[in-house]
Amino acid sequence: MEESVTKWKIILTFASTSVQNTMIKFIGEYNVKVDDKGRVIFPAAFKSIMPADGDMRFVVRKDVFEKCLEMYTFEEWERQSELVRSKLNITFNEKHARFWRAYMHNSAIVEPDAKLGRLSIPKKLLELIGVTKEVTFSGNDHKIEIWAKENFESGIISNEEFVSIANMLSDL
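This is a predicted model, so every value here is computed, not measured.

**Regarding the environment of Pro112**
Part 1 of the argument: Residue placement: Pro112 occurs in the loop between β5 (107–110) and β6 (118–120).
Part 2 of the argument: Residues Pro112 and Arg39 lie 73 residues apart in sequence; the distance between their C-alpha atoms is 9.6 Å.

**Description of the sheet that holds strand β4 (residues 69–73)**
Part 1 of the argument: Read from one edge of the open sheet, six strands run β1-β7-β8-β4-β3-β5, paired in antiparallel fashion. Strand pairing shows two members of the sheet lacking a second neighbour, β1 (26–33) and β5, which therefore form its edges. Between one strand and the next, the sheet's axes are offset by a mean angle of 20 degrees, whatever the strand orientation.
Part 2 of the argument: Where strand β7 (residues 134–141) lies against strand β8 (residues 143–148), six bridges are found, and the strand directions are antiparallel. From the neighbouring strand, Val135 faces β8, where its bridge partner is Ala148.
Part 3 of the argument: Where helix α3 (residues 74–85) meets the sheet, its contacts fall on β3 (58–62), β4 and β5, and the angle it forms with β4 comes to roughly 110 degrees.

**A word on helix α4 (residues 94–104)**
Part 1 of the argument: The set of residues buried in α4 consists of Ala97, Trp100 and Tyr103. End-on, the buried residues of α4 take up no more than an arc of 125 degrees, which puts them together on one face. Residues Glu94, Lys95, Arg98, Arg101 and Ala102 are exposed on α4 and point more than 90 degrees away from its buried face.
Part 2 of the argument: For α4, the secondary structure elements touched by its buried residues are β3, α3 and β5.
Part 3 of the argument: Of the residues flanking the start of α4, the one acting as N-cap is Asn93, its side-chain oxygen 3.0 Å from the backbone nitrogen of Lys95.
Part 4 of the argument: Among the residues trailing α4, Asn106 stands out with phi positive, at a value near 55 degrees.

**Brief notes about the pairing of β8**
Part 1 of the argument: A large share of β8 lies buried, amounting to six of its six residues.
Part 2 of the argument: Judged from the three bridges that link them, β4 and β8 form a sheet pairing that is antiparallel. Its bridge partner being in β8, Met71 is matched across the sheet by Ile144.
Part 3 of the argument: Here β7 folds back onto β8 in antiparallel fashion, the turn holding one residue.

**What about the pattern of salt bridges?**
Note that side chains of opposite charge can pair when their charged atoms are close.
Part 1 of the argument: Scanning the entire structure with this criterion turns up eleven salt bridges.
Part 2 of the argument: In this structure, Glu75 and Arg79 form a salt bridge, with 3.4 Å as the shortest nitrogen-oxygen distance. Note that Glu75 and Arg79 are positioned in helix α3 at a spacing of four residues, about one turn of the helix.
Part 3 of the argument: Using a relative accessible area of 32% as the deciding quantity, one classes Glu75 as partly exposed.
Part 4 of the argument: For Lys149, the salt bridge identified is with Glu134, shortest N-O distance 3.8 Å. Note that Lys149 is positioned in the loop between β8 and α6 (159–170) and Glu134 in strand β7, a separation of 15 residues in sequence.
Part 5 of the argument: Looking at Lys149, the relative accessible area reads 37%, which means it is partly exposed.

The rules behind the values
- Residues numbered from 1 in each chain as written.
- Predicted model: local features only at pLDDT ≥ 70, side-chain atom pairs only at ≥ 80, totals over all residues.
- Heavy atoms only, no water.
- Helix = DSSP H or I, 4+ residues; strand = E, 2+ residues; numbered from the N terminus.
- Pairing = 2+ DSSP bridges.
- Axes fitted to C-alpha atoms, helices over the stretch in contact; angles between N-to-C directions.
- Contact = heavy atoms within 4.5 Å.
- Buried < 20%, exposed > 50% of the residue type's maximum accessible area, 1.4 Å probe, protein only.
- Arc of directions from axis to C-beta.
- Polar contact = N/O pair within 3.5 Å; in protein donor to acceptor, adjacent residues only side chain to side chain.
- Salt bridge = Lys/Arg side-chain N within 4 Å of Asp/Glu carboxyl O.

Written as structure tokens, this is what we have:
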């Protein structure tokens, strides 16, 4: 009896760990109005895939390549930033230290309020991407991109470029 209880504890511990370490995948595009205080409603479709009693904190930062914001779950941000950090020697390499400082610049922790699911994104970050009245939340696998609605289409590559890249990938 004791042996079977031990086996079940091991199985449940493994299952619990596996669920906790499952990466959330964000899919879809949602347009949302920005209120006077810079708050936006977090899309219900994204909220619904978050763990019910889980950490609802996100890190929002300016994208390196595009005029948009990247939004990661806090857990995913820890993974991503540790991956970048592990490639640097910020203690003894000045260029690495300067890069890390720039990488961490224009970042903020946000969390939807419990009542309405509003996110308060710092005005500075919204201004960096040219937001006036509306944003587009775009699920991009392990992260969400936040675009000024009027700029969203400019971030999408042409069909010809998409096909060209797909052909290159098929050769790998």
